Amino acid sequence: MKTLQGRKIFGGQVQGLALVSSMGISFYGGVDPTTGVVVEKGHCLEGISVAGTVLIFPTGKGSTVGSYTLYRLKKAGLAPLAIINRDCEPITAVGCIISEIPCIDQVDINEIGPGMQIELDADAGMIHVLDIQSGQG
Amino acid sequence: MGMDLNPIEQDMLAGGQGSATKKAMQILLALGTIYGARRMIPVHSVQIAGVSYENLGEAGLEFLSEMADGGGRARVKTTLNPAGMDIENWRSLGISAEFADKQQRVIEAFTRMGVIPTCTCTPYVAGNLPEFGQSIAWAESSAVCYANSVIGARTNREGGPSALAAALTGVTPEYGFHLETNRKPGITFKIESKIQHTHEFGALGKAIGTKLEKLDTKPVPYLTGITGVTLEELKSFCASLATYGGAAMFHMQGITPEASQFQAPVETIAISQSDLDQAMQSMESGKGEEVDFISLGCPHLTLAEIGHIAVLLEGKKVTKTFWITTSRPVKREADRLGYSQVIESAGATFATDTCCVVAPIVGRFKVLVTDSAKACYYASARNKFKVVIKPFDQVVAEALK
């Protein structure tokens, strides 16, 4: 298991599987608020649902309505369990706050591979990464 | 390295002023932390975006209702962006009763919180005029650009929830354009052609905006070569520059209040007539096509513009759907002066409190004619119309063809 130390954007403790994007995510227009599926054409996660995942991406983009899109997802039970960014920008941050989605930034997201088991203590800004594929900690 | 909150702010964060104020302070604290702010500063007014039900959706409405239920109250003068419909006359715009009900609930949530439902992107001519040097927290990109540049007030490009948070607490984190150092110009744009009228200033906004977007950093532009400009032309420019370049501020030599504090930066990009022509052409997708929708008022029309439309329409009849979009205070004055009567007799439709960008009209029309560069962007991207851009007077003429 490796531990990454980042910065708390919004607190909470969760565990789940990593869904990793190398591209930025625009929640408004890029994610379907009724299904949680990434719909942005050409996106590396296109067609994949963010629901219930520990969603990892470099930074957010797009309209400030995106904060409300994250909120819609949370209300529908389709939101990510947590969000981890390299750099968290205001739309994502505000979305996590109003939706109460744990969020950490200022970590090297390249350290986290898809499908890895993640334990997050966002109050402490701590991420524990367990590579379940290899069975190693 | 965190923020220093004063005792009142700490009390808000701890829930001492209710759950809505607590959530508001959490939002501001998170933003301030991201942007390295040391402290909060008081704001004199707020402009809130995220008003059209079309954009908010049910979740956005729920959020606003919860904030109102949670005791959220505006602590400073707070005004609103356009809604998805004309609040008083939505039926005349073909809005459904279902949408109207939802939109009314949005407005009610805001009014419960003591927000003034001005429903305009031009708060500065509708009762919310800041002062030079004053700190404010405004959303609505065109108004942000206008407030910073033309008035010399100080605001960041707030989002909907962060502007609401500033309203409910009366403060904003001290970062970005609240700091002198971030207001300095970083690049000069030398305008080589004479620019006149709203549509040309819109094209200028696009020409500069697209060049700004290509740079690695986001310097504040300093414009030289503009010798005279009206309020209407500036509002059009601000809307376009903010839309195409994401800019929150510019200086215009000899025109804007802070420009004289600075020398024109050495690094210079020239804007030639050909750059302007290219910008103008690039906004158009509907040239030569049959037009079915005309709109003026992005940003919202001033009283002078409405008076001018009345002169052009006097005694004539329009042949196509023609939306005149403006703020409620301006509309009331236009009524009193008899302009509205002339315009409505000609068959044009006032769309007050709203506009062609945020109303739920996706796919309703095929080709829009406008003088607004900003409207061109949203008409194509969001509403799926083709667009043609023309000078203000020719837009009116198009409606009469």
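Small disclaimer: the values here were computed from a predicted structure and weren't measured.

1. Details of the overall build of chain B
Line of reasoning, step 1. Along chain B, the regular secondary structure elements total 14 helices and 14 strands.
Line of reasoning, step 2. Sorting the 401 residues of chain B into buried and exposed places 62% on the buried side.
Line of reasoning, step 3. Within chain B, contacts between residues at least 6 apart in sequence are counted, and of these 78% link residues at least 24 apart.
Line of reasoning, step 4. Here chain B has roughly 15200 Å² of accessible surface; of this, 49% comes from carbon and sulfur atoms.
Line of reasoning, step 5. One finds the centroid of the 38 positive side-chain charges in chain B at a distance of 1 Å from the centroid of its 41 negative side-chain charges.

2. What to know about the sheet that holds strand 2 (residues 7-10) of chain A
Residues and elements named next belong to chain A.
Line of reasoning, step 1. Ordered by their spatial adjacency, eight strands build an open sheet running 1-8-7-3-4-5-6-2, and the pairing between neighbours is mixed. Of all the strands in the sheet, just strand 1 (2-5) and strand 2 have a single pairing partner and so form its edges. The mean angle between the axes of side-by-side strands here comes to 30°, regardless of whether they run parallel or antiparallel.
Line of reasoning, step 2. Pairing geometry for strand 5 (residues 82-85) and strand 6 (residues 103-105), over two bridges, is parallel.

3. Focus on the nonpolar core
All names here are of chain B.
Line of reasoning, step 1. Of all hydrophobic cores here, the largest spans 138 residues; its most connected members are Phe110, Leu204, Ile208 and Phe250.
Line of reasoning, step 2. Every residue in contact with Ile208, bar those within four places of it in the chain, is listed here: Phe189, Ile191, Leu223, Phe237, Leu241 and Ile271.
Line of reasoning, step 3. Residues Ile306, Ile309, Ala348 and Val388 belong to the second largest nonpolar core, which totals 25 residues.

4. Observations regarding helix 2 (residues 65-75) of chain A
Line of reasoning, step 1. Taking burial as the measure, the 11 residues of helix 2 of chain A include eight buried ones, the bulk of the element.
Line of reasoning, step 2. Within the span of helix 2 of chain A, buried status applies to Val65, Gly66, Ser67, Tyr68, Thr69, Leu70, Tyr71 and Leu73 of chain A.
Line of reasoning, step 3. Residues of helix 2 of chain A that are buried in the fold lie against helix 1 (27-30), strand 5 and helix 3 (90-99) of chain A together with helix 3 (53-69) and helix 6 (160-169) of chain B.
Line of reasoning, step 4. Backbone geometry just downstream of helix 2 of chain A places Gly77 of chain A in the positive-phi region, at approximately 75°.

5. Let's talk about the confidence of the model for chain B
Line of reasoning, step 1. Here chain B averages 95 in pLDDT, and 100% of its residues register 70 or above.
Line of reasoning, step 2. Both scores are given for the predicted complex: the pTM is 0.89, the ipTM 0.75.

6. Some words on the packing of helix 5 (residues 141-151) of chain B against helix 8 (residues 231-245) of chain B
Residues and elements named next belong to chain B.
Line of reasoning, step 1. Where helix 5 meets helix 8, the axes come as close as 8 Å, and the angle between the chain directions of the two elements is 120°. Taken together, the axis directions place helix 5 and helix 8 in an arrangement best described as oblique. The two elements helix 5 and helix 8 cross, and the hand of that crossing is right-handed. Listed contacts from helix 8 to Ser141, Ser142, Cys145, Tyr146 and Val150 of helix 5 are Leu231, Leu234, Lys235, Cys238, Ala239, Leu241 and Ala242.
Line of reasoning, step 2. Taken together, the residues of the contact of helix 5 with helix 8 break down into nine nonpolar, two polar and one charged.

7. Considerations on the interface of chain A and chain B
Line of reasoning, step 1. With 19 residues of chain A at the contact, the number on the chain B side is 20 residues.
Line of reasoning, step 2. Summing the contributions of chain A and of chain B, the shared interface buries around 1800 Å²; its carbon and sulfur component is 67%.
Line of reasoning, step 3. The largest per-residue losses of area from chain A upon contact with chain B belong to Tyr68, Tyr71 and Ile97 of chain A, which jointly make up 33% of the total buried on that side.
Line of reasoning, step 4. For the interface between chain A and chain B, the tally reads two salt bridges.
Line of reasoning, step 5. With its nearest N and O atoms 2.9 Å apart, the salt bridge here joins Glu100 of chain A to Lys23 of chain B.
Line of reasoning, step 6. Where chain A packs against chain B, one counts six residue pairs in polar contact (both at pLDDT 80 or more).
Line of reasoning, step 7. Elements that contribute at least two residues to the side of chain A that touches chain B include exactly strand 2, helix 2 and helix 3 of chain A.
Line of reasoning, step 8. Take the side of chain A that touches chain B: its biggest share by element is six residues, from helix 2 of chain A.
Line of reasoning, step 9. The residue inventory of the side of chain A that touches chain B, partitioned by class, reads 12 nonpolar, two polar and five charged.

8. Description of the sheet that holds strand 8 (residues 251-252) of chain B
Residue and element names in this part refer to chain B.
Line of reasoning, step 1. One open sheet holds the four strands; their spatial order is 8-7-6-9, and the pairing between them is parallel. The two strands at the open ends of the sheet, each matched to only one other strand, are strand 8 and strand 9 (268-271).
Line of reasoning, step 2. Sheet topology places strand 6 (residues 185-191) next to strand 9; four bridges connect them, and they run parallel. Of the residues in strand 9, the one forming a bridge with Ile191 is Ile271.

9. Some points on the state of the cysteines
What makes a disulfide is a covalent bond joining the sulfur atoms belonging to two cysteines.
Residues and elements named next belong to chain A.
Line of reasoning, step 1. For the structure shown, the criterion picks out zero disulfides over all chains.
Line of reasoning, step 2. Cys103 supplies the cysteine sulfur nearest to Cys96, a cysteine that is in no disulfide, at a spacing of 4.0 Å.
Line of reasoning, step 3. Given the relative accessible area of 0%, Cys96 is considered buried.

Reading guide: rules and limits
Residues numbered from 1 in each chain as written. Chains lettered and ligands numbered in written order. Predicted model: local features only at pLDDT ≥ 70, side-chain atom pairs only at ≥ 80, totals over all residues. Heavy atoms only, no water. Helix = DSSP H or I, 4+ residues; strand = E, 2+ residues; numbered from the N terminus. Buried < 20%, exposed > 50% of the residue type's maximum accessible area, 1.4 Å probe, protein only. Contact = heavy atoms within 4.5 Å. Areas by Shrake-Rupley, 256 points an atom, 1.4 Å probe, with all protein chains shown as cover. Lys, Arg positive; Asp, Glu negative; His and termini not counted. Charge placed at Lys NZ, Arg CZ, Asp CG, Glu CD. Pairing = 2+ DSSP bridges. Axes fitted to C-alpha atoms, helices over the stretch in contact; angles between N-to-C directions. Core = buried A, V, L, I, M, F, W, Y, C linked by side-chain atoms within 4.5 Å. pLDDT = per-residue confidence, 0-100. Parallel < 35°, antiparallel > 145°, perpendicular 65-115°, else oblique. Left-handed = near helix turned anticlockwise from the far one by under 90°. Nonpolar A, V, L, I, M, F, W, Y, C, P; charged D, E, K, R; others polar. Buried area = accessible area lost by both parts, 1.4 Å probe. Salt bridge = Lys/Arg side-chain N within 4 Å of Asp/Glu carboxyl O. Polar contact = N/O pair within 3.5 Å; in protein donor to acceptor, adjacent residues only side chain to side chain. Disulfide = S-S within 2.5 Å.

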